[in-house]
Amino acid sequence: MHAGIGSSTPCDPAQDKAAGEMATRRSVLLAGHWETLIRLSVLLPVRVTLGQKMVWQRGMTGAVRGRATSAPAPTLTATPTRALMDEPVALEARHLTPRCPVTVRARLRCEEGDLWEALAHYYADGNGVLNLSRDEAQGGSYTGCEPMGLFWSLFPAPGEREGLRLRKKNVETPYTFQVSLLNGHVSSHGVRSHDEGEELAAVTVERWYTAPGVRRIDIREEGLVGTLFLPPGPGPFPAVLDCWGMGGGLVEYRSALLASRGVASFALAYFGHRDIPGPLDAINVGDDYIQAAFQLLQNHPQVCGSRVAVLGLSYGAYLALRIATQLPVSPRCIIAINGPIGSTAQGVEADGKVVSFGASKVAYSHDLPGYVDFKRATLPEFLPLSTKIKVENLRCPLLLVTSEDDISCSVLENAAQIKEGLQASNKSHLLTWVSYPGAGHLLEPPYSPNARISLWTMRPTKLMVCWGGHTAPHAAAQKDAWKKVLDFLECHLRGGN
């Protein structure tokens with residue numbers, strides 16, 4: 001007979017004992033009494049839920065696999081989270097499993113929409129701590145103790161466009177980096193197992209070229225095209241005329257950073273800008289334009305007119321030297337980075353105007369199909385004599401910066417000729433020359449990623465220009481060169497009479 005509701009059956013001690021154990025086990029699970037649960041688990045395997053993860057515990061050992069719910073979650077901190085581009089950021093992770101492998105990854109979506117990333121493989125220490133200022137990366141985008149490696153080793157993510165170069169256009173907004181702490185050692189192409197690649201923690205880091213209080217002023221007067229950056233405060237400030245190279249257009253980010261360091265800076269467009277009349281592939285302005293730019297900066301009410309320097313990279317270095325040696329102005333000092341002592345372009349007029357800088361009119365060499373460099377074309381013996389700088393006319397201190405893996409310009413040969421010319425004129429005391437092994441042509445502010453090769457032109461043929469530079473030594477050169485530039489400006493723009 002089956003017992004009905006409310007009926008009774010004879011007592012069976014064995015069944016009562018089993019039923020009692022099951023009831024106790026259910027009550028323990030509901031109440032969360034872990035110590036009692038572990039004692040009972042000696043009898044039978046028990047399935048428990050920790051957060052969202054289901055794990056099986058074997059009763060004979062009594063060990064609990066997985067992290068207890070009371071253990072703190074991993075954290076990743078950046079100090080500071082908002083900084084200027086030339087300032088270091090300290091990254092640290094805590095509450096990791098001791099000695100565990102992790103990956104730290106930085107990702108940036110640039111203004112053009114392209115994804116840049118860098119990642120590095122580390123191991124936590126015995127306390128479950130990872131400190132990028134102390135610990136060495138074992139692989140990934142870089143190796144060794146490189147506190148800022150995630151920023152200077154950025155590279156276009158797999159699948160992005162060919163020939164990219166990271167350059168900030170709107171300096172009034174930051175670069176926003178997403179820095180993630182990932183489980184295991186992963187690559188940019190994916191993960192090796194279902195556990196690896198899980199994001200353990202993340203932090204957002206903002207990197208700025210413009211400090212609070214810096215003023216940005218568009219200049220469209222007297223035919224000039226540029227942007228003036230003034231530091232916070234009334235001034236008057238020492239100042240720099242800032243000239244870039246054959247990439248053309250108006251490049252502002254170095255000037256914005258200089259103003260953030262207390263030096264007024266005028267970023268000047270002289271080539272390849274729609275607001276300058278004439279063909280975009282020609283320098284349609286001459287010495288009068290460059291002189292007017294220097295004098296506009298010199299005469300500004302918030303600039304100390306006797307303390308104006310000129311800074312140039314590539315063709316801009318040539319212009320800086322030309323200003324100091326051939327124009328009726330008196331810069332306080334000159335900084336020339338990886339430039340020639342003459343013009344490589346065809347049809348250079350006496351006042352510096354250039355008939356064309358187009359790909360078909362410039363002497364360049366092809367080492368590989370579709371790739372160009374100006375190494376041979378910029379050898380001093382091939383530069384037109386009429387365009388060469390009259391080094392003997394230099395009247396102010398010169399900081400000459402060269403990169404020894406520059407495959408775009410013959411910078412060492414040009415620098416040697418400048419040095420010889422100053423020695424012959426008894427002006428060696430004006431020259432400070434620093435040179436960097438392993439660095440490429442594009443020496444930019446610290447922690448900027450290097451582009452060894454980037455797109456130069458699409459018309460009439462798609463061409464990539466070779467700049468050179470190996471990632472780690474180039475990054476070290478940028479950091480040291482920027483310090484030397486700021487120190488040189490401090491010495492000659494603020495010091496002395």
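Residues numbered from 1 in each chain as written. Predicted model: local features only at pLDDT ≥ 70, side-chain atom pairs only at ≥ 80, totals over all residues. Heavy atoms only, no water.

Undergrad: Hey, could you run me through the overall build of the chain in this one?
TA: Assigned secondary structure in the chain consists of 8 helices and 26 strands. For the chain, with 497 residues in total, the buried portion stands at 51%. Considering only residue pairs separated by 6 or more positions, the chain has 67% of its internal contacts joining residues 24 or more positions apart. Of the accessible surface of the chain, which amounts to about 23,600 Å², a share of 54% is contributed by carbon and sulfur atoms. (Helix = DSSP H or I, 4+ residues; strand = E, 2+ residues; numbered from the N terminus. Buried < 20%, exposed > 50% of the residue type's maximum accessible area, 1.4 Å probe, protein only. Contact = heavy atoms within 4.5 Å. Areas by Shrake-Rupley, 256 points an atom, 1.4 Å probe, with all protein chains shown as cover.)

Undergrad: Just checking my understanding: could you explain the pairing of strand β26 (residues 463–466) for this structure?
TA: Side-chain positions along a regular strand alternate between the two faces of the sheet. Burial along β26 is two-sided: the residues L463 and V465 and M464 and C466 are all buried. By the bridge criterion, 2 bridges tie strand β22 (residues 371–373) to β26 in an arrangement that is parallel. Bridging across to β26, V372 finds its partner in V465. Here strand β25 (residues 453–457) pairs with β26 via 4 bridges, running antiparallel. What sits directly across from T457, in β26, is L463. (Pairing = 2+ DSSP bridges.)

Undergrad: Sorry, what's going on with the sheet that holds strand β24 (residues 431–436) here?
TA: Backbone-to-backbone hydrogen bonds pair the strands of a sheet. The strands run either parallel or antiparallel. Across the sheet, which stays open at both edges, the 8 strands sit in the order β13-β14-β16-β15-β17-β18-β23-β24 with mixed pairing between neighbours. The sheet terminates laterally at β13 (215–219) and β24, the two strands that pair on one side only. On average, adjacent strands in this sheet sit at an angle of 15° to one another, irrespective of strand direction. Taken together, the 5 bridges between strand β15 (residues 237–243) and strand β16 (residues 264–268) define a ladder with parallel strand orientation. Among the inter-strand pairings, L241 is bridged to a residue of β16, identified as F266. (Axes fitted to C-alpha atoms, helices over the stretch in contact; angles between N-to-C directions.)

Undergrad: Help me understand the pairing of β15, please; the structure alone is not making it clear to me.
TA: Counting buried positions along β15 gives 7 out of 7 residues, so the element sits mostly inside the fold. When β15 meets strand β17 (residues 303–313), the two strands line up parallel, connected through 6 bridges. Each bridged residue has a counterpart across the sheet, and for A239 the counterpart in β17 is V308. After leaving β15, the chain enters helix α4 (residues 253–260) and then returns to the sheet as β16, a path that is right-handed. (Right-handed = clockwise from strand over helix to strand, strands pointing away.)

Undergrad: Even after reading the chapter, I still don't get empty space enclosed by the protein, so can you show me in this structure?
TA: Using a probe with the size of a water molecule, rolled over the atoms, empty space left in the structure can be pinpointed. According to the stated counting rule, one finds 7 cavities of 30 Å³ or more in the structure shown. Roughly 110 Å³ of volume is contained in the largest cavity. Forming the walls of the largest cavity are 16 residues, and the residues nearest its centre are M85, L166, Y209, S448 and P449. Among the residues making up the lining of the largest cavity, the classes are represented as 11 nonpolar, 1 polar and 4 charged. (1 Å grid on protein atoms, 1.4 Å probe; cavity = no way out; pocket = protein on both sides within 12 Å on 5 of 7 lines; lining within 4 Å. Points joined across faces, edges and corners; volume = space filled by probe spheres on them. Nonpolar A, V, L, I, M, F, W, Y, C, P; charged D, E, K, R; others polar.)

Undergrad: I would appreciate a short explanation of the packing of α4 against helix α8 (residues 471–494) in the present structure.
TA: Angle between the axes and distance between the axes: these two values describe a pair of packed helices. Contact geometry for α4 and α8: axes closest at 12 Å, N-to-C directions at 55°. As far as their axial angle goes, α8 and α4 are oblique. Viewed along their axes, α4 and α8 form a crossing whose handedness is right-handed. For the pair α4 and α8, contact is made by R254, L257 and L258 and by W482, L486 and L489, respectively. (Parallel < 35°, antiparallel > 145°, perpendicular 65-115°, else oblique. Left-handed = near helix turned anticlockwise from the far one by under 90°.)

Undergrad: When you look at helix α6 (residues 315–326) in this model, what are you seeing that I'm missing?
TA: Because an α-helix packs 3.6 residues into every turn, residues spaced three or four apart end up facing the same way. Helix length check: α6, at 12 residues, gives a terminal C-alpha distance of 16 Å against a target of 16 Å (1.5 Å per residue), a fit within 8%. Across the 12 residues that make up α6, a large majority, 11, are buried. Those residues of α6 that fall on the buried side of the exposure criterion are Y315, G316, A317, Y318, L319, A320, L321, R322, I323, A324 and T325. (Expected span 1.5 Å × (residues − 1).)

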